[in-house]
Amino acid sequence: MAGTVQLLCLATNSGVPLYCRSKGESRQLPFSVIGSLNGVHMFGSNQDVLLTSTCTDNTRVCWRVFRDSITLIVMSSEEDASDLYLSRLLDNVFGAMVLVIGLDDLVNLKNVERLKRELRACYKLIDSLLTASDWIGDLTLCVDCVVSPDAAILQEALEVFVAAAQSNFGCLMVMGKVVVATEKWWRLAPQEVVLLTWLVGSLAPNSSRDYPIYLPQGSPTVPHRLLTFQLVPGVDVCLLCGPTPSLQQVQTELVDRFWSPVLEPLKTCLSLHQVTFPICIPLHHSIIGLLLINREQNKNLFTLQPHGVESSQQSGTVLSPERRRSVLRQFYTLAVSAYFPAEASEDKPAVLHEEFHAGFTHAPTECYVAADNHKSYGIQTRHHQLLLTFTPETPTFALRNIATKTLNLLTREVPF
């Protein structure tokens, strides 16, 4: 049975609930429970004890305070819920709040009722972060991407379109995944790029939008304009810009001019959004889930249908897509928290990273899991991480060979 997730947002100083969002069949929490959850955290804080997480027989709870102003509490009974995932979820939720309404109103809580009304604009984005989807960037903190065989053509079209719109920041997205983007778009903070793609993917389809946003790290108090244009259903081009140009000007003067000549490559992207790369790449038949991360560029390819939709439906008898998604997310969490070392250059070391067993002087670069209904194998190199899920019939001794060949094949054949 599917688990539930409940997210609480409170004003830190007063403990007043600002909103509650949930996933699954969960009841509204009574105020006494909300008060107890907040009270135990405050009690620990007053005793100089930082309470970050705890768990009961069937629920895991995490607390985070942001800017001494906003307290977020998440409770999850899902099987793949981990401290790593829940901690990153809380980071992303606060980032989503800053993205949509800015940092000033969150730090300076002068009118709680007004803030409650403003926070309603965040609900769709926050709900998408709580809901299982075809994206995994919320966990990896990398942008979900699609590799198109026409990437060069689409990149050229994007560059001239963005320049004509007097901007340096633009990207082309298919179903919430990035196909191509400008160099400065990739220079945004990883969380900002992830949240921007999730924001566009969470909104109802629209021919065009002019959406005010804040950049949680780059510009948390000064808004920018996010312009989006639907080129074909499911494919959007996005721009970050200032007061000019107007939405109507870009829509009438630039969109058709630059994107009509590449209509067929745009339609091709739609057929790739679930596989994420051309299906002509010959992956081993035993692979039923794949996550490839470019560690330098903070991008990832994530698919539960590595051999195409029809083949995936046949392998669904082994593991359902929902189960494959959960397995791959759990395996990623295990790999990065217990085995693969975090980069020393990161701004914040992984607090939840567990040191490898004492007595080993080397840093592990590969790991695997053999369960009753699947097997998993992970490899970390200097530039990439590859995590694969296999059918249970795959010989355990063959996992390393298949994973190594798959990594070599993808890094050679896929421009990623």
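Before reading further, recall that the structure is shown in the block above.
Residues numbered from 1 in each chain as written. Predicted model: local features only at pLDDT ≥ 70, side-chain atom pairs only at ≥ 80, totals over all residues. Heavy atoms only, no water.

Caption draft 1: Summary view of the sheet that holds strand β4 (residues 60–66). Sheet architecture is open: 5 strands sit in the order β2-β1-β5-β4-β3, paired in antiparallel fashion. The open sheet has two edge strands, β2 (17–23) and β3 (53–55), and neither has a second partner. Strand-to-strand twist across the sheet, computed as the mean angle between neighbouring axes with direction ignored, equals 15°. Note that strand β1 (residues 5–11) and β2 share 6 bridges and pair antiparallel. If you follow Cys9 over to β2, its bridge partner there is Tyr19. Along the sheet face, helix α1 (residues 31–46) touches β1, β2, β4 and β5 (70–76) and points at about 65° away from the line of β4. Strands β1 and β2 of the sheet are contacted by helix α5 (residues 123–130), whose axis makes an angle of about 45° with β2. (Pairing = 2+ DSSP bridges. Helix = DSSP H or I, 4+ residues; strand = E, 2+ residues; numbered from the N terminus. Axes fitted to C-alpha atoms, helices over the stretch in contact; angles between N-to-C directions. Contact = heavy atoms within 4.5 Å.)

Caption draft 2: Geometry of the pattern of salt bridges. In this structure the tally under the stated criterion is 13 salt bridges. Among the ionic pairs, Arg21 bridges to Asp127, the shortest N-O distance being 2.6 Å. Residue Arg21 is found in strand β2, and its partner Asp127 is found in helix α5; the two are separated by 106 residues along the sequence. Residue Asp127 is classed as partly exposed on the basis of its relative accessible area of 22%. Among the ionic pairs, Asp138 bridges to Arg329, the shortest N-O distance being 3.0 Å. (Salt bridge = Lys/Arg side-chain N within 4 Å of Asp/Glu carboxyl O. Buried < 20%, exposed > 50% of the residue type's maximum accessible area, 1.4 Å probe, protein only.)

Caption draft 3: Representation of the packing of helix α7 (residues 151–164) against helix α10 (residues 247–259). Put simply, α7 and α10 touch, their axes get as near as 10 Å, and they point 155° apart. With respect to their mutual orientation, α7 and α10 come out roughly antiparallel. Every pair of crossing elements has a handedness; the one defined by α7 and α10 is right-handed. For the pair α7 and α10, the contacting residues are Leu154, Ala157, Leu158, Val160, Phe161 and Ala164 in the first and Val250, Leu254, Val255, Phe258 and Trp259 in the second. The residue makeup of the contact of α7 with α10, split by class, is 11 nonpolar, no polar and no charged. (Parallel < 35°, antiparallel > 145°, perpendicular 65-115°, else oblique. Left-handed = near helix turned anticlockwise from the far one by under 90°. Nonpolar A, V, L, I, M, F, W, Y, C, P; charged D, E, K, R; others polar.)

Caption draft 4: Representation of the packing of aromatic side chains in the model. Evaluated as defined, the whole model comprises 7 aromatic pairs. Ring centres of Phe161 and Phe258 lie 6.3 Å apart, and the angle between their planes is 70°; on these two criteria the pair is classed as edge-to-face. Of this pair, Phe161 sits in helix α7 while Phe258 is found in helix α10, placing the two residues 97 residues apart along the sequence. Taking relative accessible area as the criterion, Phe161 reaches 0% and is therefore assigned buried. According to the relative accessible area criterion, Phe258 is buried, its value standing at 15%. Centroid distance Tyr368 to Tyr377: 6.3 Å. Interplanar angle 10°. Geometry classified as stacked. Three or more aromatic residues joined by ring pairs form one cluster here, namely Phe161, Phe229, Phe258 and Trp259. Across from the ring centre of Tyr123, 4.1 Å away, lies the NZ or CZ of Arg21, which sits over that ring. For the cation-ring pair, Lys299 lies above Trp186, with the distance from its terminal atom to the ring centre recorded as 5.0 Å. (Phe/Tyr/Trp six-rings, centres within 6.5 Å; stacked < 30°, edge-to-face > 60°. Lys NZ or Arg CZ within 6 Å of the ring centre and 35° of its normal.)

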